[in-house]
Amino acid sequence: MKLLYRLMIAFFTVIITLMAVLSLAFINVTNETMYRNTWNQLKTYSDSLVQDAIRYDTVNRKFRGFENQALLSNAALLSNQHVHFAVFDVNQKQTFASNGFTPQISKSDWKKLSKGKTIYLRITRPQINVHNSDHSAMTEVIRPYFYRKKLIAVVSIATFVSVVEENMHQLKINLAVAFLIATLVALIISYIMARSITGRIDRLRVATRQVSKGNYQVKVPVNGKDEMDDLARSFNQMTTALRESDQEIRRQEERRRKFLADAAHEMRTPLTTINGLLEGLQYDAIPEEDRKHSLELMRNDTQRLIRLVNDNLDYEKIRTNQISMERKLFDCSAVLTNLKEQFAKRAGEKGDEIQLDVPEGLLVYADYDRFVQIMFNIIQNAIQFTDNGLIKVTARKVKHGCEFKISDNGIGMTDEQLKNIWERFYKADQSRSNSQYGESGLGLSIVHELVTLHGGKISVKSQPKKGTTFTLFFPDQHNAPHLNVQ
Ligand SMILES: Nc1ncnc2c1ncn2[C@@H]1O[C@H](COP(=O)(O)OP(=O)(O)OP(=O)(O)O)[C@@H](O)[C@H]1O
Ligand SMILES: [Mg+2]
């Protein structure tokens, strides 16, 4: 069965049961009240007729009896109201009956009466010959009367139940009409309530279908705080997560594609050169005196290819935590002085001056070879992109580690170029390719991975034509991360 109908039935049942219970309670209370009112009225009639008809011997202070004439006139008056009564003496003998009203009083009732208790009977069938048999069911009050603490008489007074029931009947009809209207309203309300729930489920269903088709942009509205809203909220969180992972997958795919294209592109140039030279050698197209030079060129290019492959392998290893790092404390001023000497020739060729400002004996906590590799790459870049300029290398102890700054006043980079320098194969100036020094755009991506692996930080500031400054931070022993090398 559809959820809508199930919910409707549930709501409808609840509403109708509630209505039925309330109506029954109402009928009961009203019925009770009506009988109670009738009994009270009968009691009042009985008291006033006794007062009207009773006669005493005032001298002897004795009860003489009831005056028949007074009883008759009361009987006539009351019968207009469909009320009838009978009078009994102390000996349980009926002494008067209005309109042939002959009620029976049981022994146990007499006992109660003699103790002064009034007896109320909801429905009795006393014999009466004034009305037709349809009206014979009566409700009755039997009341004892005392004079000087002695029971002198008992009056049984009754009226037809139909008189009471007539009022009840009208009430029941009204209630039935109300019940019918309530049923209709209950149906409408239960439909609206069920519809509002299934409507929200439907919205989720439609959205789920959209997601299964690959549309992760869908959002279901969340307005309140109930369970359905929680579900909708979770659904939205799920689509957001799916959207993000989908974007990540696309990004990764794009990077993979770009990497393959870049790697192929990088390899094509040296391979084409080598192929060309080999062809030349094969067909003796290269003069004898140039052969040596050709072989040298080929060697350069194969070295470049080897370096390219090695660098890529290196990068992957660092990225996947597959390199072993032996960190220790060592004097970085010695390392940097060494590097300065190594680069002296190349810097001289470009008219650059390298200035070192490193405190003697400054200790850094890092893997020695990797530290050299990092500094080598950055200084190499600085020389590479600076003509007749100044390259400053400074180092100092800072809180929790060491800070290095390598600045040059070379060609610099635009903000757009800066954004990409950590990417593999990125070269700000694509036209430039120096096979002697490599320039495959891998250096900084490796540097970045290595610094991160040390738990350090690297940042760069640059302005075109003004220069570039790289700032590096290496944490000390206490702040370096615990390495988990695979
Ligand atoms: N000091 C610098 N001044 C200006 N541009 C720089 C500087 N350092 C790096 N760059 C730019 O960032 C790019 C990426 O540098 P990276 O070291 O990764 O590659 P590369 O030097 O071109 O090649 P590789 O280092 O792999 O031989 C460079 O091509 C260059 O455009
Ligand atoms: Mg480089």
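Reading the values: the criteria
Residues numbered from 1 in each chain as written. Chains lettered and ligands numbered in written order. Predicted model: local features only at pLDDT ≥ 70, side-chain atom pairs only at ≥ 80, totals over all residues. Heavy atoms only, no water. UniProt positions renumbered as here; feature names shortened; annotations may be inferred. Helix = DSSP H or I, 4+ residues; strand = E, 2+ residues; numbered from the N terminus. Core = buried A, V, L, I, M, F, W, Y, C linked by side-chain atoms within 4.5 Å. Buried < 20%, exposed > 50% of the residue type's maximum accessible area, 1.4 Å probe, protein only. Contact = heavy atoms within 4.5 Å. Near = heavy atom within 4 Å. Polar contact = N/O pair within 3.5 Å; in protein donor to acceptor, adjacent residues only side chain to side chain. Areas by Shrake-Rupley, 256 points an atom, 1.4 Å probe, with all protein chains shown as cover. Nonpolar A, V, L, I, M, F, W, Y, C, P; charged D, E, K, R; others polar. Salt bridge = Lys/Arg side-chain N within 4 Å of Asp/Glu carboxyl O.

**Student:** Before we go on, may I ask you to explain the UniProt feature "transmembrane region" (unreviewed entry) in the protein in this structure?
**Tutor:** With numbering matched to this structure, UniProt assigns "transmembrane region" (unreviewed entry) to residues 6-27 and 175-194. Between the end C-alpha atoms of residues 6-27 the distance is 31 Å, and the span holds 100% helix and 0% strand. With 100% helix and 0% strand, residues 175-194 has its two end C-alpha atoms placed 27 Å apart.

**Student:** Which parts of the structure should I look at to understand the nonpolar core?
**Tutor:** Nonpolar side chains in soluble globular proteins tend to end up buried together. Of all hydrophobic cores here, the largest spans 47 residues; its most connected members are Phe371, Ile378, Phe404, Ile406 and Leu472. Top contributing element to this core by residue count: helix α8 (residues 368-384), with seven residues. Residues contacting phenylalanine 371, with those up to four places away along its chain left out, are Phe330, Cys332, Val335, Val364, Ala366, Phe404 and Phe474.

**Student:** What is the right way to look at the site of ligand 1 in this model?
**Tutor:** Residues in close proximity to ligand 1 total 23 residues, the closest being Asn381, Glu439, Gly441, Leu442 and Leu444. Arginine 307 places a polar side-chain atom, nitrogen or oxygen, 2.9 Å from an oxygen atom of ligand 1. At 2.8 Å from an oxygen atom of ligand 1 is found a side-chain nitrogen or oxygen belonging to asparagine 381. Compared with its free state, where it exposes 590 Å², ligand 1 has 99% of that area covered by protein. In terms of residue count, α8 provides more of the shell around ligand 1 than any other element does, three residues in total. For the shell around ligand 1, the class distribution of residues is 10 nonpolar, eight polar and five charged.

**Student:** Teacher, can you tell me more about the pattern of salt bridges here?
**Tutor:** When the charged atoms of two side chains lie near each other, side chains of opposite charge can form a pair. One pass over the structure, following the stated rule, counts 24 salt bridges. With a shortest N-O distance of 2.8 Å, arginine 200 and aspartate 226 are connected by a salt bridge. With arginine 200 in helix α4 (residues 161-212) and aspartate 226 in the loop between α4 and α5 (227-282), this residue pair connects regions lying 26 residues apart in the sequence. The closest approach of N and O atoms between arginine 307 and aspartate 311, which form a salt bridge, is 3.3 Å. Placement of both arginine 307 and aspartate 311 in helix α6 (residues 288-319) is noted, with a separation of four residues, approximately one turn of the helix. Judged by relative accessible area, which is 33%, arginine 307 ranks as partly exposed. Three or more residues are tied together by salt bridges with common partners; here these are Glu32, Arg36 and Arg122.

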